[in-house]
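# A closer look at the structure
Now for the letters of each chain:
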Amino acid sequence: MFVDPKESFKKRTVTFEDIPVCEYDKTVADEKDNYSKEDFIGMYADMVAIREFEEMLMDIKKKGIYNGKEFTYPGPSHLGLGEEATAVGQAYNLGVNDFIFGTHRSHHEVIAKAMSAIKKLSDEELTKIMSEFLGGKIYNIVKEHTQAASVKELAREFLIYGAMAEIFARDTGFNKGFGGSMHAFFLPFGIYPNN
């Protein structure tokens, strides 16, 4: 392809449409009709799960202990404490096939997007993903060691286990422990490596 520098670098003006800024002015009352009570409870549950996950990592990193059990974790732990709502909010509106590429502190984004995908996928789709991913290695461990009452609950356990194993560099992690905390991802849910 020939590029004529005289044309490419010719003086000109690029014009954009006006970009509205700070125009959102709805109240909680205005917005609440767009969501069901179950939506709000689900979003809150996702935020709590993310907070617990991040606080667990912080306790292990700072104190070497969590729930009375000693752990050693020498790796990085770039936490997103306090950012749970932003991650859950963006993930809520994304489809299963939408992609995310996490930020520097992406545990919360990974968990939020995965929780959103779990809610949107059918039980059959979830079972297929879990049973086929890494030959069912993570799925079989989670099935054996949890008493999940539903496929979606089992999928949430699968998510937390796979992410935690990845962060702790275990071969049962989503990326066999090679991605660790900084590059945890799960392609079947549209979660790609972070920056």
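For the structure, check the block above.
Presented here is an overview of the structure given in this document. All residue numbers here refer to positions counted from 1 along the written sequence of the relevant chain. Where local features are concerned, this predicted model is filtered to residues with pLDDT of at least 70; where side-chain atom pairs are given and counted, the filter is 80 or more; whole-chain, interface and lining totals use all residues. The basis for every side-chain value is the complete set of heavy atoms in the structure, and neither hydrogens nor water enter the calculation.

## Examining the overall build of the protein
In this description a helix means any DSSP run of H or I spanning at least four residues, a strand means any run of E spanning at least two, and both kinds are numbered starting from the N terminus. Broken down by element type, the protein carries eight helices and four strands. Going from the N terminus to the C terminus, the protein shows its helices and strands as α-α-α-β-β-α-β-α-α-α-α-β. Restricting the calculation to C-alpha atoms gives the radius of gyration, and the globule rule supplies 2.2 Å times the number of residues raised to the power 0.38. The C-alpha radius of gyration of the protein comes to 21 Å, more than 25% above the 16 Å expected for a compact globule of 195 residues. Seen along its three principal axes, the alpha-carbon backbone of the protein occupies a region of about 65 × 50 × 40 Å. Within the protein, buried positions represent 36% of all 195 residues. Counting only contacts in the protein whose residues sit at least 6 apart along the sequence, the fraction spanning at least 24 positions is 61%. Accessible surface computed for the protein: about 12,500 Å², of which carbon and sulfur atoms make up 56%. A residue counts as positive if it is Lys or Arg and as negative if it is Asp or Glu; His and the chain ends are not included. Working definition for charges: the position is that of NZ of Lys, CZ of Arg, CG of Asp or CD of Glu. Both charge centroids of the protein, one from 23 positive and one from 30 negative side chains, sit 5 Å from each other. The rule is simple: take the accessible area with a 1.4 Å probe, protein chains only, and divide by the maximum for that residue type; under 20% is buried, over 50% is exposed, in between is partly exposed. In this description, contact between two residues means that some pair of their heavy atoms is separated by no more than 4.5 Å. Using a 1.4 Å probe, accessible areas were evaluated by the Shrake-Rupley method; residue-level cover was limited to the displayed protein chains.

## Topic: the side chain of S181
Relative to the elements of secondary structure, S181 occurs in the loop between helix 8 (151-167) and strand 4 (191-192). Separated by 2.6 Å, the side chains of S181 and H107 make a polar contact. When neighbours within four sequence positions are excluded, S181 is seen to be in contact with Y73, P76, S77, H78, H107 and I167. Any pair of N or O atoms that falls within 3.5 Å is considered a polar contact. Within protein, one atom must be able to donate a hydrogen and the other to accept it, and sequence-neighbouring residues count only if both atoms are side-chain atoms.

## Digging into the environment of D30
On the secondary structure map, D30 appears in helix 2 (residues 28-32). You can call D30 partly exposed: its relative accessible area is 44%. There is a polar contact of 2.9 Å between the side chain of D30 and the backbone nitrogen of T27.

## What to know about helix 4 (residues 84-92)
Every buried residue belonging to helix 4 is among E84, A87, V88 and A91, and all of these are buried. The arc enclosing the buried residues of helix 4, seen along the axis, measures out at 95°, which places them on a common side. Of the surrounding secondary structure, the elements contacted by the buried residues of helix 4 are helix 3 (37-63) and helix 5 (107-120). In this context, the arc is that of the directions from the helix axis out to the C-beta atoms.

## Some points on the environment of E31
Residue placement: E31 occurs in helix 2. Assessed through its relative accessible area of 18%, E31 is described here as buried. Dropping the residues within four chain positions of it, E31 is found in contact with Y24 and K26. A distance of 2.5 Å separates polar atoms of two side chains, one belonging to E31 and the other to Y24.

## Some points on the packing of helix 4 against helix 5
Only the stretch in contact is used when a helix axis is fitted, and all axes are lines through C-alpha atoms; the angle between N-to-C directions ranges over 0 to 180 degrees. Direction vectors running N to C along helix 4 and helix 5 enclose 35°, while the axes themselves pass 8 Å from each other. For the element pair helix 4 and helix 5, the recorded crossing hand is right-handed. Side by side, helix 4 and helix 5 meet where A87, V88, A91 and Y92 of the first sit next to H108, E109, A112, K113, S116 and K120 of the second. Only Asp, Glu, Lys and Arg are considered charged in this grouping, and only Ala, Val, Leu, Ile, Met, Phe, Trp, Tyr, Cys and Pro are considered nonpolar; every other residue, Gly among them, is considered polar. Class assignment for the residues of the contact of helix 4 with helix 5 results in five nonpolar, two polar and three charged. Crossing chirality is assigned from the near helix's rotation relative to the far helix, an anticlockwise turn below a right angle marking it left-handed and a clockwise turn marking it right-handed.

## Notes on the nonpolar core
Residues belong to a common nonpolar core when they are buried Ala, Val, Leu, Ile, Met, Phe, Trp, Tyr or Cys residues joined through side-chain atoms within 4.5 Å. Core analysis: the largest hydrophobic core is formed by 42 residues, its most contacted members being F53, L57, F158, F174, F186, F189 and I191. Contributions of two or more residues to this core are made by helix 3, helix 4, helix 5, helix 6 (123-132), helix 7 (137-145) and helix 8. Contact partners of F158, with chain neighbours within four places excluded, come to M130, F133, I138, Y139, V142, F174 and F186.

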